[in-house]
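Results of the structural survey
Here is what each chain is made of, one letter per residue.
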There are 2 protein chains.
Amino acid sequence: MSSDSPFHHLFEFFNQIHPLNSDSKKAIESISSIVTIAKNQDLQPIGATCKTIYFVKKGLARIYYYKDGIDVTEYFAFENDLIIRAESLFTGKPSQKAIQAVEQTEFVGISSDLLFGLFDTLPDLERLFRKITELAYVNTLNRIESIQFHPAEERYHRLLEENPEFIQRIPLKHIASYLGITQVSLSRIRGQKN
Amino acid sequence: MSSDSPFHHLFEFFNQIHPLNSDSKKAIESISSIVTIAKNQDLQPIGATCKTIYFVKKGLARIYYYKDGIDVTEYFAFENDLIIRAESLFTGKPSQKAIQAVEQTEFVGISSDLLFGLFDTLPDLERLFRKITELAYVNTLNRIESIQFHPAEERYHRLLEENPEFIQRIPLKHIASYLGITQVSLSRIRGQKN
DNA sequence: TTTATCCTTTTACAAATGTTAAAAAAGGTT
DNA sequence: AACCTTTTTTAACATTTGTAAAAGGATAAA
């Protein structure tokens with residue numbers, strides 16, 4: 001795998017979770033493609049059933065949905081993050097969410113139908129994606145704890161510390177809905193001290 | 001598999017997610033055992049690394065932890081639910097959480113070390129547990145949405161509708177912390193109308 | 001029954017966040 | 001630059017939830 005392969009960073013990412021043998025890597029390459037989306041454009045419309053697993057090569061994307069007509073961000077993905085509409089991919093139901101490029105973003109798209117088909121012959125791949133899901137699950141458990149027991153101000157400041165990029169590259173309204181508060185509340189928090 | 005096997009309900013549960021062949025069932029039986037815990041007793045102490053996947057045969061259990069000295073319930077499991085301290089099982093770190101029997105409860109315990117070992121020879125099992133994790137992940141995503149965008153009163157009433165058992169079998173203080181509110185708030189909500 | 005303990009509710013007040021509307025600031029386009 | 005649009009902040013007020021303390025109920029043990 002040459003380091004200038006379009007899938008280089010994807011395999012680096014996989015490697016940290018479960019190393020793949022070369023057959024599995026070739027199989028992944030054969031079902032993957034590069035997609036580039038302009039700023040503020042959606043990858044796929046809300047309402048379609050999700051059939052693709054995305055990886056952010058370059059740029060920044062988010063998963064969002066409309067809650068009572070309000071745009072709510074569920075998740076942000078930076079370079080070298082996976083971005084998956086799990087609630088559709090894992091249930092087969094149409095997704096009420098969309099993936100949007102916050103900046104111009106280059107994705108690797110992996111066909112989920114083809115990927116799941118490969119699991120029968122390449123258990124390596126099933127193991128990798130099992131572990132990916134396990135880690136994503138643990139992350140959401142921790143996020144629930146954070147939402148339930150830390151005030152919005154604390155969550156904002158923690159976000160600021162852990163991921164200063166967030167604030168520089170993402171409109172505050174998206175950060176507010178990601179934190180589960182209104183834009184007005186976030187502005188108030190930002191204005192207080194400092 | 002006779003219907004009076006101690007693992008009958010476990011396999012019924014698995015069947016709905018991913019049917020197992022008989023080799024896989026036998027393997028599961030060989031690494032599983034029945035554990036009975038008295039009311040209000042813990043299965044395992046906080047601080048131990050989780051090495052067991054539990055299934056509630058009879059009774060009712062919860063996962064809880066201490067947040068600033070306060071007992072917080074993360075999850076309830078009724079009959080025929082799995083109960084897993086994922087944050088420890090999937091990371092290998094000591095668990096800050098414990099499983100407690102809310103009533104006298106009979107569990108099936110499955111050794112996770114032995115289970116993960118079986119995945120190499122019985123891909124059936126890895127597929128089952130991949131799917132289980134996927135569904136659990138989707139559930140937590142939905143729970144985040146519920147916590148962030150529905151007031152406690154609505155969450156309580158939804159819980160009441162979807163799972164009336166909760167209120168009859170579980171002390172209200174546990175329900176309050178599960179909903180992410182104080183016991184006083186829950187009491188206020190209950191007292192309002194109706 | 002009596003006592004002790006735990007669970008639940010009530011009350012009064014404080015703090016955090018939501019709602020609405022308007023103003024200010026920032027970005028893009030002609 | 002001038003204009004339009006979007007984003008962010010500010011203000012005033014309403015609502016929700018938290019905190020602390022006390023009282024009332026329920027349950028279990030002596």
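Located above this text is the structure these notes cover.
What you are looking at is a predicted structure, and each value in this text was computed from that prediction instead of being measured. (Residues numbered from 1 in each chain as written. Chains lettered and ligands numbered in written order. Predicted model: local features only at pLDDT ≥ 70, side-chain atom pairs only at ≥ 80, totals over all residues. Heavy atoms only, no water.)

All names here are of chain B. Summarising burial for helix H8 (residues 172-179): six of the eight residues are buried, a large majority. For H8, the full list of buried residues reads His-174, Ile-175, Ala-176, Ser-177, Tyr-178 and Leu-179. Positive phi shows up at Gly-180, right after H8, with a value of about 85°. (Buried < 20%, exposed > 50% of the residue type's maximum accessible area, 1.4 Å probe, protein only. Helix = DSSP H or I, 4+ residues; strand = E, 2+ residues; numbered from the N terminus.)

Another aspect to go through is the pattern of salt bridges. In this structure the tally under the stated criterion is 26 salt bridges over all chains. In this structure, Asp120(A) engages Arg127(B) in a salt bridge whose closest nitrogen and oxygen atoms are separated by 2.9 Å. With Asp120(A) in the loop between helix H4 (112-118) and helix H5 (123-149) and Arg127(B) in helix H5 (residues 123-149), the pair connects residues from two separate chains. Here Arg127(B) falls in the buried class, since its relative accessible area comes to 15%. Note that Glu74(B) and Lys97(B) form a salt bridge whose closest N and O atoms lie 2.5 Å from each other. Here the residue Glu74(B) occupies a position in strand E4 (residues 70-77), and Lys97(B) occupies one in strand E6 (residues 97-101), the gap between them amounting to 23 residues. One salt-bridge network, held together by shared partners, links Asp120(A), Glu126(A), Arg127(B), Arg130(B) and Glu134(B). (Salt bridge = Lys/Arg side-chain N within 4 Å of Asp/Glu carboxyl O.)

Attention shifts here to the relation of the copies chain A and chain B. Once turned by 180° and shifted 0.0 Å along the axis, chain A lies on chain B with an RMSD of 0.0 Å. When the rotation and shift are considered jointly, the pair of chain copies conforms to a two-fold rotation axis. A symmetric contact is evident, with 100% of the interface residues of chain A recurring at the interface of chain B. (Least-squares fit on C-alpha atoms with pLDDT ≥ 70 in both. Contact = heavy atoms within 4.5 Å.)

Moving on: the interface of chain A and chain B. Contact with chain A, which involves 33 residues of that partner, is made by 33 residues of chain B. Carbon and sulfur atoms make up 64% of the surface buried where chain A meets chain B, a total of about 3400 Å² over both sides. Considering only the surface of chain A that becomes buried against chain B, Arg130(A), Tyr137(A) and Gln148(A) emerge as the three largest contributors, covering 18% of it. Linking chain A to chain B there are eight salt bridges. Among the ionic pairs, Arg127(A) bridges to Glu126(B), the shortest N-O distance being 3.0 Å. Listed by contribution, the elements that provide at least two residues to the side of chain A that touches chain B are strand E3 (61-67), strand E4 (70-77), helix H3 (86-89), H5 and helix H8 (172-179) of chain A. (Buried area = accessible area lost by both parts, 1.4 Å probe.)

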